[in-house]
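One letter stands for each residue in the lines below.
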Amino acid sequence: STDVTLGVPDFSSAQPLIATPVVFRGRSARDLQQLRASPSPMPTTGRTFSRQERILLRFAAYAPGGTTPTLTMKVLNNQGTSMATMPPPTLTKDQMFESEFSLGGFPPGEYVIEIVADANGTTVKKLLAFPISG
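Here goes a summary of the coordinates provided. (Residues numbered from 1 in each chain as written. Predicted model: local features only at pLDDT ≥ 70, side-chain atom pairs only at ≥ 80, totals over all residues. Heavy atoms only, no water.)

## Structural notes on the sheet that holds strand β6 (residues 70–77)
The cut-off we apply is this: Any two strands between which DSSP finds at least two bridges are classified as paired. Helix and strand definitions here come from DSSP, where helices need a minimum of 4 consecutive H or I residues and strands a minimum of 2 consecutive E residues; each element is numbered from the N-terminal end.
Spatially, the five strands line up as an open sheet ordered β3-β11-β10-β6-β7, and their pairing is mixed. Edge strands, defined here as strands with exactly one partner in the open sheet, are β3 (49–50) and β7 (82–86). In terms of strand pairing, β3 meets strand β11 (residues 122–133) through two bridges, oriented parallel. Paired with F49 across the strands is I132, a residue of β11.

## Considerations on the side chain of E98
Under the convention used in this document: Polar contacts, as counted here, are pairs of nitrogen or oxygen atoms within 3.5 Å of one another; within protein the pair requires one atom able to donate a hydrogen and one able to accept it, and residues that are adjacent in sequence qualify only if both atoms are side-chain atoms. For this analysis, residues touch if any pair of their heavy atoms sits within 4.5 Å.
Within the element layout of this structure, E98 appears in strand β9 (residues 97–102). Separated by 2.4 Å, the side chains of E98 and R36 make a polar contact. If we skip the residues at most four places from it in the chain, E98 touches R36, L56, L57, R58, P89, T90 and T92.

## What to know about the pairing of β7
One ladder, built from four bridges, connects β6 with β7; its direction is antiparallel. Bridging across to β7, V75 finds its partner in A84. Adjacent in sequence and paired antiparallel, β6 and β7 are bridged by four residues, among which G80 carries a positive phi angle near 85°.

## Observations regarding the packing of aromatic side chains
Put simply, the rule is: Pairing of aromatic rings covers Phe, Tyr and the six-membered ring of Trp, with a centre-to-centre limit of 6.5 Å; geometry is then stacked below 30 degrees between planes, edge-to-face above 60, and tilted otherwise. Each residue's exposure class comes from its accessible area (1.4 Å probe, protein chains only) as a fraction of the maximum for that residue type: buried when under 20%, exposed when over 50%, partly exposed otherwise.
Taken as a whole, this structure holds four aromatic pairs when the rule is applied. Here F49 and F130 contribute two aromatic rings whose centre-to-centre distance is 5.9 Å and whose plane-to-plane angle is 75°, an arrangement assigned as edge-to-face. Here F49 is found in strand β3, whereas its partner F130 is found in strand β11, with 81 residues between them in sequence. The pair F49 / F130 is uniform in exposure class, with both members buried. Each residue in the set F49, F106, Y111 and F130 is aromatic and connected to the rest through ring pairs, giving one cluster.

## Remarks on the sheet that holds β9
We apply this condition: Working convention: axes come from line fits to C-alpha atoms, limited for helices to the stretch in contact. Angles between N-to-C directions cover 0 to 180 degrees.
The four strands lie next to each other as β2-β4-β9-β8, forming an open sheet whose pairing is antiparallel. Strands with a single pairing partner mark the edges of an open sheet, and in this sheet they are β2 (22–26) and β8 (90–91). As judged from the six bridges shared by strand β4 (residues 54–59) and β9, these two strands associate in the antiparallel manner. Counted as the bridge partner of L57 is S99 from β9. The sheet contacts of helix α1 (residues 29–37) involve β2, β4 and β9, and relative to β4 the element is tilted by about 25°.

## What about the nonpolar core?
Stated precisely, the cut-off is as follows: Among the buried residues, those of types Ala, Val, Leu, Ile, Met, Phe, Trp, Tyr and Cys that are joined through side-chain atoms within 4.5 Å form a nonpolar core.
Counting 23 residues, the largest nonpolar core has F59, F101 and I113 as the members making the most contacts within it. The set of elements that each furnish at least two residues to this core consists of β4, β6, β9, β10 (109–119) and β11. Apart from residues lying up to four places away in sequence, F59 is in contact with I18, A19, T20, P21, L71, M73, P89, M96, F97 and I115.

Here it is as structure tokens:
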């Protein structure tokens, strides 16, 4: 028998919550459009991307009292300096948030996507690190 410890989010918390993002990849906007149309798209398990790719993030975010938090997103370099502010993610019909962006404007290197959820002045962050190859 093996013991496994699972982290279960506290949905009764008085602060916002961001679930771990699911990442999809494609070579073009059309690839990601096809992913969106698929009833059960397969997320990527790899976290190294090329500059020719586009990525699509999907995640859930919650705020106290069943409200929706205000979400902001940035791309940071490996020193934590903001490289780009991303448009706010959109809410899908299945109550998930999603954001799509191209990696072509970034030189090869290490990056972090910072997602911030704000609910009545209380903020939480979720970070997603990824390298971009040449």
